[in-house]
Amino acid sequence: ASTLSRPRLPCISAASPTLSSPVMAEENVETFAFQAEINQLMSLIINTFYSNKEVFLRELISNSSDALDKIRHMSLTDKSALDANPELYIRIVPDKSNNTLTLIDSGIGMTKTDMIANLGTIAQSGTKAFMEAMTAGADINMIGQFGVGFYSAYLVADRVVVTSKHADDEQYIWESSAGGSFTVRKDTEGEPLGRGTKIQCFLKEDQLEYIEERRLKDLVKKHSEFINYPISLWTEKTVDKEIEDDEDDEEEVEKKEGEDDDEPKIEEVEEEKEKKERKTKTVKEVSHEWAVMNKQKPIWTRKPEDVTREEYGAFYKALSNDWEDHLAVKHFSVEGQLEFTSILFVPKRAPFDLYEPKKKNSGHIKLYVRRVFIMDNCEDLIPEWLTFVKGVVDSEDLPLNISRETLQQNKILKVIKKNIVKKCIELFMEINENADDFKKFYEQFAKNIKLGIHEDSANRAKLAELLRYHSTKSAEEMVSLKDYVARMPESQKEIYYITGESKKAVESSPFIERCKKRNYEVLFMTDPIDEYCVQQLKEYEGKKLISVTKEGLKFDETEEEKKLHEELKAEFAPLCALIKEILGDKIEKACVSERLTEAPCCLVTGEYGWSANMERIMRAQALRDSSMSSYMSSKKSFELNPKHSIMKELKAKAAADKGDKTVKDLVHLLFETSLLTSGFSLEEPGTFANRIHRMIKLGLSIEEDEEGDDALEDLPPLEESGEGAEGSKMEEVD
């Protein structure tokens with residue numbers, strides 16, 4: 001046993017002098033022991049490498065493809081190499097009567113020695129080994145080796161028989177039931193292969209799905225659609241065929257013999273009709289034929305200039321199941337330490353479930369290794385904000401025979417991801433050159449670009465070039481930040497924006513009055529994701545982005561303007577103090593505004609807290625954590641317009657009598673209307689409605705229950721006696 005466990009010993013063979021000779025079980029049959037204990041090997045493959053059993057077909061097809069690559073490579077230098085079988089193919093034969101699945105290829109084949117060495121040990125398999133051997137000038141026979149991939153056949157089969165014919169040897173049969181040993185014998189009775197290998201898998205009872213035609217077609221389409229050689233499936237076709245019914249004919253003959261000649265002619269005609277109808281019968285005829293399953297060619301392996309738009313379109317539709325053509329495509333290769341080819345498509349429209357959690361990173365970018373599909377749900381391949389991009393990545397460097405779980409830790413993927421993001425942004429810049437295309441693109445994917453600015457700090461500046469907003473000067477067209485900066489007046493040092501629920505709401509907002517008066521353009525950000533976007537995008541080309549709804553909005557002023565503002569501040573200081581006293585905790589402070597020109601007042605949020613719009617968005621979150629709102633929703637500052645007639649009159653009234661109920665009432669009313677115009681929501685709509693109703697009554701000169709309304713408006717409890725209170729309530733109802 002200790003001798004058997006020596007490293008890299010292929011098998012027990014007659015050539016090993018220290019080991020016993022192979023057991024001759026019957027004539028020409030030699031039995032060998034596997035190098036590694038086969039049971040351990042099986043558990044290793046089943047538990048560690050392959051989480052789903054269907055990959056066995058991918059592995060076996062890849063091995064066949066490798067063997068075909070080998071013979072094709074050989075034929076370049078030696079034309080006679082293909083004499084035995086000039087056709088290069090892979091064929092799959094499901095056999096329901098024997099529960100077997102057979103793969104046949106016309107590749108290089110294996111000699112008896114190859115079989116013992118390659119199928120008796122876990123040889124160093126994989127994609128890279130062949131490439132490395134080629135560059136090192138080593139023997140290229142390595143490509144035909146069966147590595148871990150071959151043993152994956154035991155995921156679905158309990159017995160595997162391999163028949164192989166190499167040009168340098170006779171046809172041999174390798175067989176094993178995964179019990180710790182395998183046999184090799186010369187094939188004296190089987191059908192000659194000419195050249196190549198046939199693998200026959202005797203399927204386990206619970207794996208019979210792999211002889212179903214539909215299942216095999218799906219698997220080949222999923223994993224091996226872009227293999228270079230035709231993969232054909234032996235398919236069964238049932239055709240309904242009409243044949244003459246002999247039994248009916250006999251009955252007709254008997255009838256005719258017994259017929260009377262004197263019967264009317266008309267009956268004879270009917271008899272003839274019936275006879276014709278009964279003469280044929282339908283039977284099911286079963287025929288078999290080869291059906292090629294991988295007709296779609298891997299266009300990414302060709303040069304971009306050789307591929308037409310129609311070919312890209314057909315490929316995109318096959319890849320994405322979209323009924324429309326793509327909007328744009330990027331076809332590129334990356335060389336250097338890492339080599340891969342990729343085609344990326346931008347669709348014309350966003351799928352309806354683009355932002356559904358279950359869709360996250362699944363099926364957008366398909367990863368292939370040397371045209372063999374590996375996976376399409378790898379989160380390390382593309383960031384979340386780019387999940388609308390469809391495409392393929394085909395790498396020459398990734399190891400093929402490891403599972404997707406292992407692959408996700410692979411550093412190579414990080415390099416691929418970085419390149420994909422870079423190329424996607426290049427593609428968006430190309431779309432940007434065509435105004436119509438970019439308009440379509442931005443309508444569908446603006447949210448993704450903004451999400452990218454929020455998440456991808458490395459590419460934030462590039463993505464900012466793609467942003468478009470309506471503004472106070474843009475009318476129906478949208479403006480880019482670049483255009484905004486280009487047309488800024490000299491006196492303007494910052495980029496101004498306002499966030500809100502809709503374009504209509506922000507257009508008439510009191511916050512933009514002073515900017516408009518100074519001819520400063522204000523960007524309208526009406527998409528909820530804009531709030532998150534501007535939190536990260538602090539500046540553009542060295543110019544700060546400033547919200548006109550928050551504190552800290554300052555304009556360059558002349559000395560005269562500054563002096564005038566200071567005077568107004570001093571003049572309105574008593575009113576500001578009174579407003580703060582009346583509103584208490586509802587506001588942080590009351591002050592004279594620099595931003596208002598027409599509205600009497602507004603509510604401004606702190607520079608670093610949530611804006612009114614952000615507060616609205618957070619309240620709408622279904623699964624929000626309400627404890628967060630308490631410290632993120634900033635205190636409001638009440639800014640009043642000292643030049644407005646309402647404020648001047650209110651100042652005069654307050655100066656005459658600080659305790660005037662009307663002043664108190666009006667301050668509450670101004671605060672509540674400012675909540676609405678500044679984008680907040682009312683906490684007590686009922687109270688606000690009562691104040692408005694009272695104003696309507698005053699306007700209509702209805703004065704009889706003025707006292708009752710006063711008591712209602714005054715926030716302290718009613719001072720009337722029980723009966724009086726009831727009476728006033730009744731009057732209200734009336």
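Rules of the game
- Residue numbers here run from 1 along each chain, matching the order of that chain's written sequence.
- Per-residue local features are limited, in this predicted model, to residues with pLDDT of at least 70; the limit for side-chain atom pairs, both in listing and counting, is 80 or more; totals at the level of whole chains, interfaces and linings are taken over all residues.
- Hydrogens and water are ignored here; the side-chain numbers use all heavy atoms of the structure.
- Strands here mean DSSP runs of E at least two residues long; helices mean DSSP runs of H or I at least four residues long; both are numbered from the N terminus.
- Think of it in three bands: residues with accessible area under 20% of the maximum for their type are buried, residues over 50% are exposed, and the middle band is partly exposed, with areas taken using a 1.4 Å probe on protein chains only.
- Residue burial considers only the protein chains on display, and all accessible areas are found by Shrake-Rupley using a 1.4 Å probe.
- We define a salt bridge as a side-chain nitrogen of Lys or Arg found within 4 Å of a carboxyl oxygen belonging to Asp or Glu.
- Any two strands with at least two DSSP bridges between them are considered paired.
- Angles here are taken between N-to-C directions and fall from 0 to 180 degrees, while the axes themselves are lines fitted to C-alpha atoms, restricted in helices to the stretch in contact.
- Any two residues whose heavy atoms approach within 4.5 Å are treated as being in contact.
- Any Phe, Tyr or Trp ring, taking Trp's six-membered ring, that has another such ring centre within 6.5 Å forms a pair; planes under 30 degrees apart are called stacked, those over 60 apart edge-to-face, and the others tilted.
- Orientation categories follow fixed angle ranges, with anything under 35 degrees roughly parallel, anything over 145 roughly antiparallel, 65 to 115 roughly perpendicular, and all other angles oblique.
- In this analysis, the expected span of each helix is defined as 1.5 Å times one less than the number of residues it contains.
- Working definition of a nonpolar core: buried Ala, Val, Leu, Ile, Met, Phe, Trp, Tyr and Cys residues. They are joined through side-chain atoms within 4.5 Å.

## Focus: the overall build of the protein
- Within the protein, the regular secondary structure consists of 25 helices and 24 strands.
- A total of 734 residues make up the protein; the buried ones form 47% of that total.
- When the accessible surface of the protein is summed, it comes to about 38,800 Å², and 49% of that surface belongs to carbon and sulfur atoms.

## Remarks on the pattern of salt bridges
- Applying the stated rule across the entire model yields 32 salt bridges.
- Linking lysine 447 and aspartate 527 is a salt bridge whose minimum nitrogen-to-oxygen distance equals 3.8 Å. On the criterion of sequence distance, the pair formed by lysine 447 in helix α12 (residues 435-455) and aspartate 527 in the loop between β19 (522-525) and α17 (528-536) is long-range, its members being 80 residues apart.
- In this structure lysine 447 comes out as partly exposed when scored by relative accessible area, which is 38%.
- Among the salt bridges present, the one from glutamate 561 reaches arginine 518, with a minimum N-O distance of 3.8 Å. Here the residue glutamate 561 occupies a position in helix α18 (residues 559-583), and arginine 518 occupies one in the loop between α16 (513-517) and β19, the gap between them amounting to 43 residues.

## Re the sheet that holds strand β22 (residues 589-592)
- Judged by pairing direction, the sheet is mixed, and its three strands sit side by side in the order β22-β24-β23 without closing on themselves. Of all strands in the sheet, those with a lone pairing partner are β22 and β23 (601-605), marking the two edges. Taken over all neighbouring pairs, the strand axes of this sheet differ in orientation by 30 degrees on average, direction set aside.
- By the bridge criterion, four bridges tie β22 to strand β24 (residues 636-640) in an arrangement that is parallel. Bridging from a neighbouring strand, cysteine 591 pairs with glutamate 639 of β24.
- Sheet strands touched by α18: β22 and β24. Its angle to β22, the strand with the most contacts, is close to 155 degrees.

## Remarks on the sheet that holds strand β16 (residues 468-471)
- In space, the six strands of this open sheet follow the order β17-β16-β19-β18-β21-β20, with mixed pairing throughout. Two strands bound the open sheet, and with one partner strand each, they are β17 (479-480) and β20 (539-540).
- Two strands pair when backbone bridges link them, and β20 and strand β21 (residues 543-547) are joined in this way by two bridges, in the antiparallel orientation. Bridging across to β21, glutamate 539 finds its partner in lysine 544.

## Focus on the packing of aromatic side chains
- Overall, the coordinates contain 21 aromatic pairs when judged by the stated rule.
- Here the aromatic rings of phenylalanine 32 and phenylalanine 182 are separated by 5.5 Å at their centres, their planes lie at 20 degrees, and the arrangement is stacked. Note that phenylalanine 32 is positioned in strand β2 (residues 29-33) and phenylalanine 182 in strand β7 (residues 181-186), a separation of 150 residues in sequence. Note on accessibility: phenylalanine 32 and phenylalanine 182 belong to one class, buried.

## Describing the packing of α18 against helix α21 (residues 645-656)
- Interaxial distance between α18 and α21 falls to 10 Å at its minimum, and their mutual angle equals 75 degrees. Here α18 lies roughly perpendicular to α21, going by the angle between them. For the pair α18 and α21, the contacting residues are Glu571, Phe572, Leu575 and Leu578 in the first and Met647, Leu650, Lys651 and Ala654 in the second.

## Points about helix α11 (residues 411-432)
- In this model, α11 (22 residues) spans 32 Å end to end at C-alpha, consistent with the 32 Å of a helix rising 1.5 Å per residue.
- The set of residues buried in α11 consists of Leu413, Ile416, Asn419, Ile420, Val421, Lys423, Cys424, Ile425, Leu427, Phe428 and Ile431.

## Details of the pairing of strand β8 (residues 196-203)
- The buried count for β8 comes to six of eight residues, which makes it a mostly enclosed element.
- With eight bridges connecting them, strand β5 (residues 157-165) and β8 associate as antiparallel partners. Directly across from lysine 165, in β8, lies its bridge partner glycine 196.

## With respect to the nonpolar core
- Counting residues in hydrophobic clusters, the biggest one holds 74 residues, and the most contacted among them are Phe428, Phe441 and Tyr496.
- Per-element tally for this core: the top contributor is α11, with nine residues.
- In this structure phenylalanine 441 touches Leu327, Val346, Phe388, Phe428, Ile431, Ala446 and Ile449, once residues within four positions along its chain are discounted.
- Formed by 49 residues, the second largest nonpolar core is a distinct cluster that contains Ala81, Leu101, Leu119 and Val162.

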